[in-house]
Amino acid sequence: MEEVDGLVGGSNKVMGLGDRAYEDLKEKLVRGAYPPGHKITVRAVAEELGYGTTPARDALNRLVAERALVFSGPKTVVVPTLSLAELYEVTQMRLRLEGLAAEKGAIGAGTADIARMEAFQSEIDAALAEGRYADALWSNKEFHFHIYGRANMPMLLATIETLWLRVGAAFNDLYPEFAISKYGIQNHRAALEGLRHKDPQEVKAAIETDIRDGYRRLRQALSERTPKK
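A brief structural summary. It should be emphasised that the depicted structure is a prediction, and the values quoted were computed from it without experimental measurement.

Moving on, we come to empty space enclosed by the protein. Enumeration according to the criterion identifies three cavities of 30 Å³ or more in this entry. Estimated volume of the largest cavity: approximately 270 Å³. As for the largest cavity, its lining consists of 22 residues, of which Asn140, His144, Leu174, Phe178 and Asp210 are closest to the centre. Elements supplying a minimum of two residues to the lining of the largest cavity: helix H4 (84–108), helix H5 (111–129), helix H6 (133–149), helix H7 (154–167), helix H9 (183–196) and helix H10 (200–225).

See the structure below:
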């Protein structure tokens, strides 16, 4: 595997920092902090996350190996743009896995969980109203993964996170349309209603609808950017 500017191993301390840099950068990708095509350098990661260049380089190399990032030059990687086929495949997997996680999570969710998710939704509502789309995406991940986490299925949760790692950047294309149409807000509210009704199937249906609505918008945005042959 090609490496970013020659990754060099180091002490356990450096490797530990590399793990932390990897987790921090991966989390930003999952939450859509960078749009497709965004260039990322070792120096930029080191400065943004507050790590040295060796941990930053280690993080980038690991994410390139996982295909969450791709090379655009000897020292620069970019956030990839999904093809229509890749977007479709990821969406089909998300529908089945996140639907399952939502259903199982709803069974274990209680009053405190509903209150927590309502708080996340309030953050999303405020961010969308003010055009703070990056903040909306950050809280959107909290909303979804809170209910998924209540399923107590760690392997399922990890697999869903891997899918979000691949599609997170594309979530930027949801806006501003989703802020205007409020599709996401409506679907989240439906999921909350299902939790209040203690109806796992209602929660599952709401999350699946949310994924389908998002897919239609992402597909349209990607089609508009794809050169016609």
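Inspection of the entire model under this criterion finds six aromatic pairs. When the ring of Phe145 is compared with that of Trp164, the centres are 5.0 Å apart and the planes differ by 90°; the resulting orientation is edge-to-face. Pair noted here: Phe145 is in helix H6 and Trp164 is in helix H7, with a separation of 19 residues, a long-range link. The two residues Phe145 and Trp164 agree in class, both being buried. Here the aromatic rings of Phe178 and Tyr183 are separated by 5.8 Å at their centres, their planes lie at 70°, and the arrangement is edge-to-face. The buried category is assigned to Phe178, whose relative accessible area is 6%. A connected cluster of aromatic rings, assembled from ring pairs, spans Phe145, Tyr148, Trp164 and Phe171. If you follow Arg31 out to its NZ or CZ, it ends over the ring of Trp138, 4.1 Å from the centre. Arg62 extends its terminal NZ or CZ atom over the ring of Tyr22, reaching a point 3.7 Å from the ring centre.

Take the sheet that holds strand S3 (residues 76–78) next. Read from one edge of the open sheet, three strands run S1-S3-S2, paired in antiparallel fashion. Lying at the two open borders of the sheet, with one neighbouring strand each, are strand S1 (39–41) and strand S2 (70–71). With two bridges joining them, S2 and S3 adopt antiparallel strand pairing. Residue pairing in the sheet places Val70 in a bridge with Val78 of S3.

Helix length check: H10 (26 residues) gives 38 Å between terminal C-alpha atoms against 38 Å at 1.5 Å per residue, within 8%. The backbone nitrogen of Gln201 has a side-chain oxygen 3.1 Å away, supplied by the residue at the start of H10, namely Asp199.

Core analysis: the largest hydrophobic core is formed by 65 residues, its most contacted members being Leu69 and Leu195. No other element matches the seven residues that H10 contributes to this core. Apart from the residues lying within four places of it in its own chain, the contact partners of Leu69 are Leu29, Ile40, Leu60, Leu63, Val64, Val77, Val78, Val79 and Pro80.

As a further point, take unusual backbone geometry. When glycine is set aside, most residues are seen to have a negative phi, and most peptide bonds are trans. Going from Tyr175 to Pro176, the amide bond is cis rather than trans, its omega being 10°. Along the chain, Pro176 falls in the loop between H7 and helix H8 (177–181). Phi is positive for Asn152, which is not a glycine, with a value near 55°. Secondary-structure assignment places Asn152 in the loop between H6 and H7. The phi dihedral of Lys182 falls on the positive side, at around 65°, and the residue is not glycine. Relative to the assigned elements, Lys182 resides in the loop between H8 and H9.

Attention shifts here to helix H3 (residues 53–65). In an α-helix there are 3.6 residues to a turn, and that puts residues three or four apart on one side. End to end, H3 covers 18 Å across 13 residues, agreeing with the expected 18 Å (1.5 Å per residue, within 8%). Pro55, Ala56, Arg57, Asp58, Ala59, Leu60, Asn61, Leu63 and Val64 are the residues of H3 that are buried. Of the residues one or two after H3, Arg67 is the one with positive phi, at around 65°.

Rules used throughout
Residues numbered from 1 in each chain as written. Predicted model: local features only at pLDDT ≥ 70, side-chain atom pairs only at ≥ 80, totals over all residues. Heavy atoms only, no water. 1 Å grid on protein atoms, 1.4 Å probe; cavity = no way out; pocket = protein on both sides within 12 Å on 5 of 7 lines; lining within 4 Å. Points joined across faces, edges and corners; volume = space filled by probe spheres on them. Helix = DSSP H or I, 4+ residues; strand = E, 2+ residues; numbered from the N terminus. Phe/Tyr/Trp six-rings, centres within 6.5 Å; stacked < 30°, edge-to-face > 60°. Buried < 20%, exposed > 50% of the residue type's maximum accessible area, 1.4 Å probe, protein only. Lys NZ or Arg CZ within 6 Å of the ring centre and 35° of its normal. Pairing = 2+ DSSP bridges. Expected span 1.5 Å × (residues − 1). Polar contact = N/O pair within 3.5 Å; in protein donor to acceptor, adjacent residues only side chain to side chain. Core = buried A, V, L, I, M, F, W, Y, C linked by side-chain atoms within 4.5 Å. Contact = heavy atoms within 4.5 Å.

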